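Each chain is listed here by its residues.
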Amino acid sequence: MEQIEKLVNRQRDFFHNGKTLDYSFRKNQLKALKRMLKNYEQEIYRVLKDDLNKSEHETLTTELGFLYAEIDFAVKQLKNWMEPEKVDAPITHKGTSNYIYKEPYGVTLVIAPWNYPLQLAIGPAIGAIAAGNTVVLKPSEFTQSTSSLLAEMIDETFDCSFFTVVEGAKETSQQLLEQQFDYIFFTGSSAVGKIVMQQASKHLTPVTLELGGKSPAIIDKDANIDLAAKRIVWGKFTNAGQTCVAPDYLYIHEKVKPKLLKAMKKHIKTFYSKKPLQNDDYTRIVHKEHFNRLQAFLADGETVYGGSVYEEKLSIEPTILDNITWDHSIMQEEIFGPLLPMLTFSELDDVITELKQIDKPLALYYFGEKEKSQQNILKNVSFGGGCINDTLYHLANPHLPFGGVGNSGMGTYHGKYGFDTFSHKKSILKQTTKFDMPLRYPGSKIAHSLVKKIMK
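What counts as what
- Residues numbered from 1 in each chain as written.
- Predicted model: local features only at pLDDT ≥ 70, side-chain atom pairs only at ≥ 80, totals over all residues.
- Heavy atoms only, no water.
- Helix = DSSP H or I, 4+ residues; strand = E, 2+ residues; numbered from the N terminus.
- Buried < 20%, exposed > 50% of the residue type's maximum accessible area, 1.4 Å probe, protein only.
- Pairing = 2+ DSSP bridges.
- Axes fitted to C-alpha atoms, helices over the stretch in contact; angles between N-to-C directions.
- UniProt positions renumbered as here; feature names shortened; annotations may be inferred.
- Contact = heavy atoms within 4.5 Å.
- Phe/Tyr/Trp six-rings, centres within 6.5 Å; stacked < 30°, edge-to-face > 60°.
- Lys NZ or Arg CZ within 6 Å of the ring centre and 35° of its normal.
- Patch = residues over 30% accessible without salt bridge, like charges linked within 9 Å, V, L, I, M, F, W, Y side chains within 5 Å.
- Areas by Shrake-Rupley, 256 points an atom, 1.4 Å probe, with all protein chains shown as cover.
- Salt bridge = Lys/Arg side-chain N within 4 Å of Asp/Glu carboxyl O.
- Parallel < 35°, antiparallel > 145°, perpendicular 65-115°, else oblique.
- Left-handed = near helix turned anticlockwise from the far one by under 90°.
- Nonpolar A, V, L, I, M, F, W, Y, C, P; charged D, E, K, R; others polar.
- Polar contact = N/O pair within 3.5 Å; in protein donor to acceptor, adjacent residues only side chain to side chain.

S.K.: Describe the overall build of the chain, with residues and values.
M.R.: For the chain, the count of helices and strands is 15 helices and 18 strands. Seen along its three principal axes, the alpha-carbon backbone of the chain occupies a region of about 80 × 55 × 35 Å. Looking at the chain as a whole, 53% of its 456 residues are labelled buried.

Structure representation (structure tokens):
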């Protein structure tokens, strides 16, 4: 606890020296971050293989590639983001100039999860650095190889008073949360998110919570079935389903269910082979406790594809479950694994009614060609973000904010939205001294009459 307290105090002193306010400093730190990832790229492939059995392709597309694109975008746009924003004023403020200044919060804490242990650790830090903050990063203890590498490469690249890693288990996170940070960014479960918010409230520290939930994919009768199946299989079974925005379950129109099921089976075999458990590039489950939790769900409904497990490797093959209802255990919480339950529907309005009764999901995916049906979903169902006729892809657009709503989180990031998240917007009015509008001052009947005309 004493070491953590000293670390936070050192970062506060560093922030107060004013270095991080400079555009060149921020740009250079972002460039150093990219060089660091480039220099350690082979080591990154190794640790993610060690922790989750991720293939180089999956690591490049879902971890490294995402970060390279985010850093490049931030470097290119940073000067523009930092500029004060001039805004209009009403007639009552004639003679004034009005601006919004983007001010860093100060010392920030980023608590990262295990499912994308590189991307979800460095991603928020990009926004924090761009906005001029210092960063304390707490990676997940469940992906120890990646955590150790993060500590090594960040320690080698950055001044620890500016950007550092604190490794450890649950107790370490608790000790960090006892400190007074200026902003906390947490990615993880809703249960832990509540604890983080509770701890932050002791210091009135603002938070961003990137949580999860049961994200549905809805396949309507007019969907392009083969393409829908391909994109659902990719979105669901990437990272063995351990993705916060993976399709958690399917709502399938009863008329296209057999065709969709057949197409999904085909694409699973294409992506992961007929024997995924023997595929060296198929991601494994992170640890035994999570494996046991997922394995218990296999008792629900009817397994119509997959269902085999390899306990020694902590691997569960892509699995599709049918005859599922909301009463089954698999429908009571976010799955976070390679198990895909199917529900059927005949009327889209019935699906909308059911979705309104449950917690707001982090994502939603609708497959169907009719604009009216697409708008029906978008206008009547609340969710963090999503896609029409695709899955997951909205995450990779730096022009779109990413975040949850309700139980799936609060706050957004990616691109400028990451910069904005870690920036306090300071409102400034510059008043002229060449004249003085008398309207606001008491004691004048003419002024009072004018105010009544203007302000009513």
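S.K.: Give a description of unusual backbone geometry that names residues and reports values.
M.R.: The phi dihedral of serine 273 falls on the positive side, at around 80°, and the residue is not glycine. Its place among the elements puts serine 273 in the loop between helix H10 (257-272) and helix H11 (288-297). Relative accessible area serves as the criterion here: at 29%, serine 273 is assigned to the partly exposed category.

S.K.: Could you give an account of the sheet that holds strand S1 (residues 85-87), naming the residues involved and the relevant values?
M.R.: Reading across the sheet, the three strands line up as S1-S2-S18 and stay open at both edges, with antiparallel pairing between neighbours. Both edges of this open sheet fall to S1 and strand S18 (423-431), since each of them pairs with a single strand only. Sheet twist, expressed as the average angle between the axes of neighbouring strands with direction ignored, equals 30°. The pairing of strand S2 (residues 96-104) with S18 spans nine bridges and is antiparallel. Considered in S18, the bridge of proline 104 is made with serine 423.

S.K.: Provide a residue-level description of the UniProt feature "active site" (unreviewed entry) in the chain, including the pertinent values.
M.R.: Here, the residues flagged by UniProt with the feature "active site" (unreviewed entry) are Glu210. Structurally, glutamate 210 is set in strand S7 (residues 207-210). Ignoring anything within four residues of it in the chain, the contact list for glutamate 210 reads Phe185, Phe186, Thr187, Gly188, Phe402, Gly403, Gly404, Ser408, Gly411, Thr412 and Tyr413.

S.K.: Talk me through the packing of aromatic side chains; I want residue IDs and the actual numbers.
M.R.: Inspection of the entire model under this criterion finds 19 aromatic pairs. Where tryptophan 81 meets phenylalanine 419, the ring centres are 5.5 Å apart and the plane angle is 40°; that geometry is what we call tilted. Note that tryptophan 81 is positioned in helix H4 (residues 56-82) and phenylalanine 419 in helix H14 (residues 416-421), a separation of 338 residues in sequence. Tryptophan 81 sits in the buried class, given a relative accessible area of 4%. Owing to a relative accessible area of 1%, phenylalanine 419 belongs among the buried residues under this scheme. Joined through ring pairs, the aromatic side chains of Tyr105, Tyr183, Phe185, Phe402, Tyr413 and Phe422 make up one cluster. Here lysine 38 stacks its cationic end above the ring of tyrosine 68, 4.4 Å away from the centre of that ring. Above the face of the tyrosine 23 ring, lysine 79 is positioned so that its terminal group lies 4.2 Å from the ring centre.

S.K.: How would you summarise a nonpolar patch on the surface if you had to cite specific residues and measurements?
M.R.: Together, Ile91, Ile446, Leu450 and Ile454 make up an exposed nonpolar region whose accessible area comes to about 400 Å². Looking at where leucine 450 falls in the secondary structure, it is placed in helix H15 (residues 445-455). Among the residues examined, leucine 450 registers a relative accessible area of 40% and is labelled partly exposed.

S.K.: Give a description of the packing of helix H2 (residues 23-39) against helix H6 (residues 144-157) that names residues and reports values.
M.R.: Relative to each other, H2 and H6 sit at 135°, their axes nearing to 10 Å. As the angle between them shows, H2 and H6 are arranged oblique. Note that H2 runs across H6; the crossing there is right-handed. The segment H2 lies against H6, with Ala32, Met36 and Leu37 engaging Met153, Ile154 and Thr157. Residues of the contact of H2 with H6, tallied by class, amount to five nonpolar, one polar and no charged.

S.K.: Account for the UniProt feature "coiled-coil region" (unreviewed entry) in the chain, naming residues and giving values.
M.R.: Feature annotation in UniProt assigns "coiled-coil region" (unreviewed entry) to the following positions: residues 23-50. Annotated as residues 23-50, this span is 96% helix and 0% strand, and its ends, taken at the C-alpha atoms, are 38 Å apart.

S.K.: Before we move on, could you go through the side chain of serine 215 and cite the residues and values that matter?
M.R.: Mapped onto the fold, serine 215 is located in the loop between S7 and strand S8 (216-219). A distance of 3.1 Å separates a polar atom in the side chain of serine 215 from the backbone nitrogen of alanine 363. Every residue in contact with serine 215, bar those within four places of it in the chain, is listed here: Cys244, Ala246, Pro247, Asp248, Tyr249, Pro361, Leu362 and Ala363.

S.K.: Please set out the packing of helix H3 (residues 41-52) against H6 residue by residue, giving values where relevant.
M.R.: For any two helices packed against each other, the geometry comes down to the angle between their axes and how far apart the axes lie. Taken N-terminus to C-terminus, the directions of H3 and H6 make an angle of 155°; their axes are 7 Å apart at the nearest point. As judged from the angle between their axes, H3 and H6 are roughly antiparallel. Residues Glu43, Ile44, Val47, Leu48, Asp50 and Asp51 of H3 touch H6, and the partners they reach there are Gln144, Ser145, Thr146, Leu149 and Met153.

S.K.: Tell me about the pattern of salt bridges, and please be specific about residues and values.
M.R.: Counted by the stated rule, this structure contains 14 salt bridges. Measuring nitrogen to oxygen at the nearest pair gives 2.4 Å for the salt bridge that ties aspartate 248 to lysine 214. Of this pair, aspartate 248 sits in the loop between helix H9 (225-237) and strand S9 (249-253) while lysine 214 sits in the loop between S7 and S8, and the two are 34 residues apart along the sequence. Both residues of the pair, aspartate 248 and lysine 214, belong to the buried class.

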